[in-house]
Structure formats: C-alpha cells, structure tokens
Amino acid sequence: MSTVHETIKVAAPLSAVYGQWTRFEEFPRFMDGVDEVRQIDARRCHWRTRVGGVSREFDTEIVDQLPDERISWRTVGGDVQQMGVVTFRRLDDLHTQVSLAMDVEPQGIVEKAGAALGMLQDRVRDDLERFRRFVEEGSASDPGWRGRLRPAESTGEPPPADPPEPPERPGPYPGPLPDDPGDAPRA
C-alpha cells in the first residue's frame, strides 16, 4: 500500500469547507481523473475514474462521518483498493485546515512506479489545491449533508446490483399479449 498525507489551508469557514466536501457528485469539478461520482445512498458512492489512460470503476463506503470534523471511507467493490480519512479543523472564523490521509494499493507496474516516484502524493496535493480554489472562489452553494454515520453501522458490503430490466412482455408468446385470458390462443 502507498500512503499519502496532505494538508491545506482554505480561506473559508469550517461549515462551508466541510459542506462542499460532502457533495461527492461535484468531485469531478476539482479532482483530476475523476469522471463521475454517483451517490447511491447516504453511505455509498460509485466512482468512475480515468488515470493515465486507464478507466476504473469502484464503490466506496463511508465508515465514519462526523459533521465539521471528519469523513473516513474504504472501497467495498471494484477495481481499486483504498481507504482514507479527511479531517477538518477550524483555524478561525474564516479559515479551515483540511488534512487528507489515504492508503492506496497501486495496480500494475505503471501505478506502482508512479507511487514510488511520488506521483500519487503530487496528484493528491494538486486535487486539494483545486478544492481550495473551488471553495474560495465561491463555487460552494449549499451546506451539504450534515448527517452522522457511525462505524458500527458500516457493513463493508458493496451496494446491491441494479435489478435486471424486466422483459418487454413475459414468456415466449410472439405476439401482443391478449387483454383477456379467454383471447389467448389455444394449443
């Protein structure tokens, strides 16, 4: 596993900074390589990423979320193995410190080489810098989700697969369905 630690100071109140981080579906606006984040429920998200020309999909679960203090997560399914925690600390009424710590399992030779060269650390630093600018430029529009998620409620299970699409019509009957069972052809 590769471990990354980065901290940044954001010129915005704690509640605005924390609130923006909880809007996971906006991550593609400031995280390089993140194509889409779809929030499945309060605890789980589905991610689509493209890094170095490699596309990946994976699911994450929030293990612990304490408003204005921390959010920790782990992957629970897909092509990526990682876990991490982001913490928020009020410095004064107008400044917040954001600290991110992640453990990531690089996949393949290219990712392992990149991690050894510090490219993952650079990417996280750059993402946090874009996040800082995003918040400071006033792109944050609402207070985000302020609910509490506790580790004891975490399942470690991937989200359920989407149910299969129902067929247009049941059975092998080749024509339109009869309105009345009495209209059905008889064999």
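Predicted model only: the values in this text are computed from it and were never measured. (Residues numbered from 1 in each chain as written. Predicted model: local features only at pLDDT ≥ 70, side-chain atom pairs only at ≥ 80, totals over all residues. Heavy atoms only, no water.)

A. Quick peek at the overall build of the protein chain. Looking only at helices and strands, one finds three helices and seven strands in the protein chain. Listing each helix as α and each strand as β along the protein chain from the N terminus yields β-α-β-β-β-β-β-β-α-α. For the protein chain, the residues scored as buried account for 36% of the 187 residues in total. Considering only contacts within the protein chain whose residues lie at least 6 apart along the sequence, 53% involve residues at least 24 apart. Counting every atom, the protein chain has about 11,000 Å² of accessible surface; 53% of that belongs to carbon and sulfur. (Helix = DSSP H or I, 4+ residues; strand = E, 2+ residues; numbered from the N terminus. Buried < 20%, exposed > 50% of the residue type's maximum accessible area, 1.4 Å probe, protein only. Contact = heavy atoms within 4.5 Å. Areas by Shrake-Rupley, 256 points an atom, 1.4 Å probe, with all protein chains shown as cover.)

B. Layout of the sheet that holds strand S5 (residues 70–78). Strand order in the open sheet made by the seven strands is S1-S7-S6-S5-S4-S3-S2, with antiparallel pairing throughout. For this open sheet the edge positions go to strand S1 (2–10) and strand S2 (34–39), each flanked by a neighbour on one side alone. The mean inter-strand angle of the sheet, taken between neighbouring strand axes irrespective of direction, is 20 degrees. The sheet contact formed by strand S3 (residues 44–51) and strand S4 (residues 54–66) spans eight bridges and is antiparallel. Paired with Trp47 across the bridge in S4 is Phe58. Where helix H1 (residues 14–21) meets the sheet, it contacts S1, S4, S5, strand S6 (81–92) and strand S7 (95–105), and its direction lies at approximately 165 degrees from that of S6. (Pairing = 2+ DSSP bridges. Axes fitted to C-alpha atoms, helices over the stretch in contact; angles between N-to-C directions.)

C. Just the packing of H1 against helix H3 (residues 119–136), in detail. Viewed as axis vectors pointing N to C, H1 and H3 meet at an angle of 120 degrees, and their least axial separation amounts to 11 Å. As the angle between them shows, H1 and H3 are arranged oblique. In the crossing of H1 with H3, the sense of the turn from one axis to the other is right-handed. Contacts from Val17, Gln20 and Trp21 in H1 reach Leu128, Phe131, Phe134 and Val135 in H3. Here the residues of the contact of H1 with H3 are counted per class, giving six nonpolar, one polar and no charged. (Parallel < 35°, antiparallel > 145°, perpendicular 65-115°, else oblique. Left-handed = near helix turned anticlockwise from the far one by under 90°. Nonpolar A, V, L, I, M, F, W, Y, C, P; charged D, E, K, R; others polar.)

D. Up close: the packing of aromatic side chains. Following the criterion strictly, the structure yields 10 aromatic pairs and no others. Consider the rings of Phe30 and Phe134, whose centres lie 5.4 Å apart with planes at 45 degrees: the pair is tilted. A residue pair is termed long-range when its members are at least 10 positions apart, and Phe30 in the loop between H1 and S2 and Phe134 in helix H3 qualify at 104 residues. Overall, Phe134 belongs to the buried group, its relative accessible area being 7%. A centroid spacing of 5.7 Å and a plane angle of 10 degrees characterise the contact between Trp47 and Phe58, whose relative ring orientation is stacked. Separated by 11 residues along the polypeptide, Trp47 in strand S3 and Phe58 in strand S4 bring together distant segments of the chain. Within the aromatic cluster, the residues linked to one another by ring pairs are Tyr18, Trp21, Phe24, Phe27, Phe30, Trp47, Phe58, Phe88, Phe131 and Phe134. (Phe/Tyr/Trp six-rings, centres within 6.5 Å; stacked < 30°, edge-to-face > 60°.)

E. Representation of the environment of Arg123 in the model. With respect to the helices, strands and loops of the structure, Arg123 is situated in helix H3. Considering only alpha carbons, one finds Arg123 and Val4, 119 residues apart in sequence, at a separation of 10.0 Å. Those residues in contact with Arg123 that lie beyond four places of it in its chain are Asp32, Gly33 and Val51. A distance of 3.2 Å separates the side chain of Arg123 from the backbone oxygen of Asp32, its partner in a polar contact. (Polar contact = N/O pair within 3.5 Å; in protein donor to acceptor, adjacent residues only side chain to side chain.)

F. The arrangement of the pattern of salt bridges in detail. The final tally for this structure, using the stated rule, is 16 salt bridges. Asp32 is the salt-bridge partner of Arg123, the closest N and O atoms lying 3.3 Å from each other. You can see Arg123 sitting in helix H3 and its partner Asp32 sitting in the loop between H1 and S2, a full 91 residues away along the chain. The class for Asp32 is partly exposed, based on a relative accessible area of 45%. Its salt-bridge partner being Arg90, residue Asp93 comes within 2.3 Å of it at the nearest N-O pair. A residue is classified by how much of its surface remains accessible, and Asp93, at 57% relative accessible area, is exposed. The partly exposed category is assigned to Arg90, whose relative accessible area is 47%. Three or more residues are tied together by salt bridges with common partners; here these are Asp64, Glu69, Arg70 and Arg148. (Salt bridge = Lys/Arg side-chain N within 4 Å of Asp/Glu carboxyl O.)

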